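# Observations on chain architecture
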Amino acid sequence: MLIPLILSGGSGTRLWPISRRNLPKQFLSLAGKETLFQQTVRRAATLADVTDPIVVASDDQRFLAAEQLQELGITRASILLEPVARNTAPAIAAGALEALRRDKDALILVLPADHLIGDDQAFTDAVARARPLAEQGWLVTFGIRPDRAETGFGYIRRGANLGGDTFQVSQFVEKPNPEIAARYVASGEYDWNSGMFLFRASRYLEELGQYAPAMLSAAEAAFARANTDLDFIRLEGDAFAAAPSDSIDYAVMEKTSRAAVVPVSCEWSDIGSWDALWLAAEKDANGNHLEGDVIALDTRNSLIRSHDRHLVATIGLEDVVVVTTPDATLVARRDASQDVKKIVEHLKAAGRTEHDLHRVVRRPWGSYDSLESGDRFQVKRIVVKPGAALSLQMHHHRAEHWIVVKGVAEVTCDDKVFLLAENQSTYLPLGSRHRLRNPGKVPVELIEVQSGSYLGEDDIVRFDDVYGRAGKIS
């Protein structure tokens, strides 16, 4: 049995301002209609003898993962929630333990959720070549045939041929400088390290136990003490936090004598920067990738992305990135796009929220858009999905007015329950217990006007919640 293990816990800070903590790049549609996460899941689902995936996600992104799986019609996936980020090696260990719970001989195909692959057939063929090695106990990684001297990736040097176009790993090497990268590519002996793997779940845990026993013990304890929460499996927090934070490369692959590499040319990109997205994207005759309402005059080899109906116009530019969102705009040289993470670090240090939340914030029940705010007031546009409901909640510092502009809402305010139709409104006094529910078959849209001395999202007390968030802010 082949089980895809999808790692979806990354933050994607180099693609700010589109990618943020509450909506990172793997859950965005950056190339095509489906998100990178959905493309990864769908691609894996076409492989031979494959079963429902295991997804490792962060707690903040649990509903994103579940909703996007449901959009694909996948309802039997295992979604493991990491209480804290501990890099790839412990995450894969937890996934391997879940795989063994299903099948003691399971093969797991480890796939980061934020990669783009343009040639699905080449990827499928590579998995087929790797499978016999994995069944023989090898830990197989996939090496991407380099088409340029890239300094942003690690490299794998091929060793002894293991039959066909498969090899023992001779050496893993760190990200090189331009001169060394050019030498690697010219030699024909090196491939890019893709971060994708195929092996028996039991073999990975054996190797982890040999080279990182503390990590294995922590993962086993966290999995053994895990609890089920709705559709999620929550790894126990204290045990998982005790695991050393390390990548699978450092923890296992660089140490084991049973590492193999299968080279593949599949139009692969890790979409690790705006420059990487430009390289992978379709371009016009001037080498530009344009999205949204854009006028680009005398502009070449650039990526320009406009939000919604916001016009972006450029004149006389070359090799730049321009990206707009409702609350932030990025302008950078393409060759400096790896440094976007420095802006995120600056925002964090300044105590700002633009690295964390979009203006439109997704929730399991729908979304809200902060339209305007000032001294003692805030205005939001709230959308509630059919059949969904906000938690029964109370605020210590603010009152709220709700005005329905579309659909019919069911409102609970203390001991009263009533319906609000379009153009009707209600007042929710400070301290009242209230809830909003959509009993209909179309989304409910309303305008919320908050007033009070403090309007932060943490001024909320939940008494009941259908999404298991009672006592939590998210």
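Nothing here was measured: the structure is a model prediction, and the numbers come from that model. (Residues numbered from 1 in each chain as written. Predicted model: local features only at pLDDT ≥ 70, side-chain atom pairs only at ≥ 80, totals over all residues. Heavy atoms only, no water.)

### With respect to the packing of aromatic side chains
- All chains considered together, the criterion is met by 10 aromatic pairs.
- Geometrically, the ring pair formed by Y184 and Y190 is stacked, given 4.1 Å between the ring centres and 20° between the ring planes.
- Accessibility expressed as a relative area gives 14% for Y184, which makes it buried.
- Geometrically, the ring pair formed by W192 and W268 is tilted, given 6.4 Å between the ring centres and 50° between the ring planes. Of the two residues, W192 sits in strand β9 (residues 190–200) while W268 sits in strand β13 (residues 268–269), which places them 76 residues apart along the sequence. For the pair W192 and W268, a shared accessibility class is recorded, and that class is buried.
- Three or more aromatic residues joined by ring pairs form one cluster here, namely F63, F232 and Y467.
- Over the aromatic face of Y368 sits the side chain of K380, whose NZ or CZ is 4.0 Å from the ring centroid.
- Its guanidinium or amino end placed over the ring of F463, R433 lies 3.6 Å from that ring's centre, counting from NZ or CZ. (Phe/Tyr/Trp six-rings, centres within 6.5 Å; stacked < 30°, edge-to-face > 60°. Buried < 20%, exposed > 50% of the residue type's maximum accessible area, 1.4 Å probe, protein only. Helix = DSSP H or I, 4+ residues; strand = E, 2+ residues; numbered from the N terminus. Lys NZ or Arg CZ within 6 Å of the ring centre and 35° of its normal.)

### What to know about the environment of L311
- Its location among the elements puts L311 in the loop between β16 (303–305) and β17 (312–315).
- As a C-alpha pair, L311 and T324 span 13 residues in sequence and 9.6 Å in three-dimensional space.
- Non-local contacts of L311, meaning those with residues more than four positions away in its chain, are made with D293, I295 and S306. (Contact = heavy atoms within 4.5 Å.)

### Focus on the domain arrangement of the protein chain
- For the protein chain, the domain assignment lists domain 1 (2–269), domain 2 (274–340) and domain 3 (360–464).
- Put simply, the middle of domain 1 and the middle of domain 2, counted by C-alpha atoms, are 30 Å apart.
- Of the residues lining the interface, 12 residues belong to domain 1; the matching set on domain 2 comes to 16 residues.
- If you sort the residues of domain 1 by the area they bury against domain 2, R14, W16 and I18 come out on top, with a joint share of 39%.
- Its salt-bridge partner being D327, residue R20 comes within 2.8 Å of it at the nearest N-O pair.
- Linking domain 1 to domain 2 there are four residue pairs in polar contact (both at pLDDT 80 or more).
- A class-by-class count of the residues in the side of domain 1 that touches domain 2 yields six nonpolar, three polar and three charged. (Domains from an automatic or database assignment. Buried area = accessible area lost by both parts, 1.4 Å probe. Salt bridge = Lys/Arg side-chain N within 4 Å of Asp/Glu carboxyl O. Polar contact = N/O pair within 3.5 Å; in protein donor to acceptor, adjacent residues only side chain to side chain. Nonpolar A, V, L, I, M, F, W, Y, C, P; charged D, E, K, R; others polar.)

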